[in-house]
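Descriptive analysis of the structure
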Amino acid sequence: MYPAVDTGNSHIPGIVDVDAHVVEPENLWTSRLPAKYREIGPHIRYLPGGKPKLDGGMYIEEPGIEGPDVAWWFYEDHKYSIKRLIAAAGFPADEITMDGVTYEQMRKGCWDPAERIADNAANGVEAQMCFPNYPRFAGQIFMRGKDKDLSLLCVRAYNDWMVDEWCGGSSGRLIPLCLVPLWDAQLAAEEVRRNAARGVRAVAFSEIPAYLGLPSIHSGYWDPFFAACEETGTVVCMHIGSGTKTPNTSGDAPDAVASTIIFGNSVASLTDFLFSGIPHRYPNLKLMYAECQIGWIPYLLERVDDVWETHKGWSNSQLNCPEPPSTYYYRQIYACFFKDRVGIDLIDKVGVDNILFETDYPHQDGTWPASIKAAEEQFGHLPAEQIRKIARGNAIRLFELPLTP
């Protein structure tokens with residue numbers, strides 16, 4: 001039996017959290033790839049930590065020559081150490097660094113499904129969906145792989161692990177989110193259908209594929225993928241940072257600047273989709289933005305509707321978008337938050353049916369183990385029906401989950 005969800009004396013119901021993260025277990029790929037790929041596919045080695053440098057959204061690093069061993073992912077010629085920053089649950093803020101760690105030095109709920117369910121239950125979370133860590137938030141690491149046969153095997157191995165092992169024995173407490181081969185829209189459509197056939201209703205995608213050197217959403221290239229998602233009821237889930245390129249002001253700005261303005265990619269992506277014609281051509285397609293917060297949405301909707309009308313003579317604003325852009329947002333698009341009182345103050349314009357609460361476990365920015373308290377402080381004053389929608393009902397409806405809204 002799984003532990004009962006503990007919401008204490010709160011009037012916040014059990015949360016359905018659709019943005020957390022998983023630290024992939026070290027045998028995920030070695031246990032699933034053909035033998036010839038096990039030394040070149042993703043595998044863990046224990047070596048001293050190095051000094052990571054963030055370059056274009058990817059860590060460039062090499063193992064050090066002295067110091068304690070930490071866990072390193074090796075894949076083709078890419079090396080990546082698992083860092084305290086992404087396995088922060090249970091550690092105070094002043095101990096969260098870019099230093100590498102071992103699996104034994106992180107909370108077991110980061111990578112063990114039974115322990116995750118226990119951590120969730122203690123945090124008031126009834127069910128949870130997790131984005132990847134090592135493959136990046138949309139599987140970009142495999143897009144960059146040199147051997148695309150291996151890349152495809154890695155994507156499928158991740159998805160098989162996600163469905164069968166991470167979520168398979170959870171009785172619905174863990175919700176599957178799968179990857180697609182980003183380098184091929186037809187293969188991506190096939191993978192969507194393969195996973196939908198076994199009950200998956202969520203797929204990770206890049207918020208701005210053009211930032212990855214891929215065709216833009218305006219090109220028509222992605223139509224087979226979007227068609228497959230609409231056909232199967234699969235929600236396109238775009239995590240902040242999944243465009244890899246992140247906004248910044250200058251090379252010498254402190255990391256705090258980029259961390260603050262990273263939601264700018266979500267602003268750009270939502271604008272892109274609203275004017276692209278994709279929501280118009282696929283009226284049953286659903287898009288979800290993860291970890292982007294929500295306070296910026298009302299102004300963006302006001303602005304896109306004004307541009308749509310005011311600049312229609314020269315900007316092609318109505319070329320693919322016959323209705324005011326905000327129409328498509330309220331009908332088909334959702335956003336997640338976990339720290340955004342401003343957005344709740346503007347809830348009538350954000351849309352109470354368009355927002356979902358999240359925890360971001362086990363990242364430093366997340367609210368574990370006090371997510372119920374965070375929910376109370378931000379939206380606990382709203383009417384009970386609205387509280388229930390934000391905490392769980394909208395997520396249950398969006399992902400067609402077999403839970404009580």
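Scroll up to find the structure this text is about.
A short tour of the structure in this document, coming up. Small disclaimer: the values here were computed from a predicted structure and weren't measured.

**Quick notes on the layout of surface pockets**
- Of the pockets and cavities examined, the second largest pocket occupies roughly 270 Å³.
- Lining the second largest pocket are 13 residues; nearest its centre among them are Gly 49, Pro 68, Val 70, Asp 99 and Gly 100.
- Residues belonging to the lining of the second largest pocket are distributed by class as follows: 4 nonpolar, 5 polar and 4 charged.

**Side note on empty space enclosed by the protein**
- Throughout the structure, instances matching the rule amount to 2 cavities of 30 Å³ or more.
- Estimates place the volume of the second largest cavity at around 40 Å³.
- Taken together, Cys 178, Glu 191, Val 192, Asn 195, Ala 196, Val 200, Ala 202, Val 203 and Thr 234 make up the lining of the second largest cavity.
- Among the secondary structure elements, those contributing two or more residues to the lining of the second largest cavity are α4 (185-196) and β9 (202-204).
- Element by element, the count of residues in the lining of the second largest cavity is highest for α4, at 4 residues.

**Quick look at the nonpolar core**
- Of all hydrophobic cores here, the largest spans 126 residues; its most connected members are Ile 82, Phe 225, Phe 226, Met 288 and Phe 379.
- When residues of this core are assigned to their parent elements, the largest contribution, 10 residues, is made by helix α3 (residues 148-166).
- Excluding residues within four positions of it along the chain, Phe 379 makes contact with Ile 12, Phe 337, Ile 344, Phe 357, Ile 387, Ile 390 and Ala 391.

**Some points on the environment of His 78**
- When you line up the elements, His 78 lands in strand β6 (residues 78-81).
- It is 9.0 Å that separates the C-alpha atoms of His 78 and Gly 145, two residues lying 67 residues apart in sequence.

**Considerations on the sheet that holds β6**
- Judged by pairing direction, the sheet is antiparallel, and its 3 strands sit side by side in the order β2-β5-β6 without closing on themselves. Taken across any chain shown, the strands that pair with only one partner, and hence form the sheet edges, are β2 (43-48) and β6. Taking each pair of neighbouring strands and ignoring which way they run, the sheet shows an average axis angle of 35°.
- For β2 and strand β5 (residues 69-75), the ladder comprises 6 bridges, and the chain directions are antiparallel. The residue of β5 that forms the bridge with Pro 48 is Asp 69.

**Side note on unusual backbone geometry**
- Pro 362 follows Tyr 361 through a cis peptide bond whose omega is 0°.
- By the secondary structure assignment, Pro 362 is in the loop between β13 (355-357) and α13 (371-379).
- In the segment running from Trp 368 into Pro 369, the intervening peptide bond is cis, with an omega of 5°.
- Even without glycine at this site, Asp 360 takes up a positive phi of about 65°.
- We classify Asp 360 as buried; its relative accessible area is 0%.
- At Glu 400, a residue that is not glycine, the phi angle is positive and equals roughly 55°.
- Along the polypeptide, Glu 400 turns up in the segment after α14 (384-398).

**Re the pairing of β5**
- The buried fraction of β5 amounts to 6 of the 7 residues, a majority that puts the element mostly inside the structure.
- With 4 bridges connecting them, β5 and β6 associate as antiparallel partners. When the bridges of β6 are listed, Tyr 75 appears paired with His 78.
- The turn linking β5 back onto β6 is made up of 2 residues, and Glu 76 within it adopts a positive phi angle of 50°.

Conventions used here
What you see as residue numbers is a count from 1 along each chain, following the sequence as written. Predicted model: local features are reported for residues with pLDDT of at least 70 only, side-chain atom pairs are reported and counted for 80 or more only, and whole-chain, interface and lining totals are derived from all residues. The side-chain quantities take in all heavy atoms of the structure and omit both hydrogens and water. The method works on a 1 Å grid over the protein atoms by themselves. A cavity is a set of points holding a 1.4 Å probe that cannot get out, a pocket is an open set with protein on both sides within 12 Å along at least five of seven lines, and residues with an atom within 4 Å of a point line them. Grid points are joined across faces, edges and corners, and a volume is the space filled by probe spheres set on the points. Throughout, the ten residues Ala, Val, Leu, Ile, Met, Phe, Trp, Tyr, Cys and Pro are labelled nonpolar, Asp, Glu, Lys and Arg are labelled charged, and all others, Gly among them, are labelled polar. A helix here means a DSSP run of H or I that spans at least four residues, while a strand means a run of E at least two residues long, and both kinds are numbered starting from the N terminus. Think of a nonpolar core as a cluster: buried Ala, Val, Leu, Ile, Met, Phe, Trp, Tyr and Cys residues, connected wherever their side-chain atoms sit within 4.5 Å. With a 1.4 Å probe rolled over the protein chains alone, any residue whose accessible area is under 20% of its type maximum counts as buried; one over 50% counts as exposed, and the rest are partly exposed. The criterion used for residue contact is that any of the two residues' heavy atoms lie within 4.5 Å. Paired strands are those between which DSSP finds at least two bridges. Between N-to-C directions, angles cover 0 to 180 degrees, with each direction set by a line fitted to C-alpha atoms, over the stretch in contact for helices.

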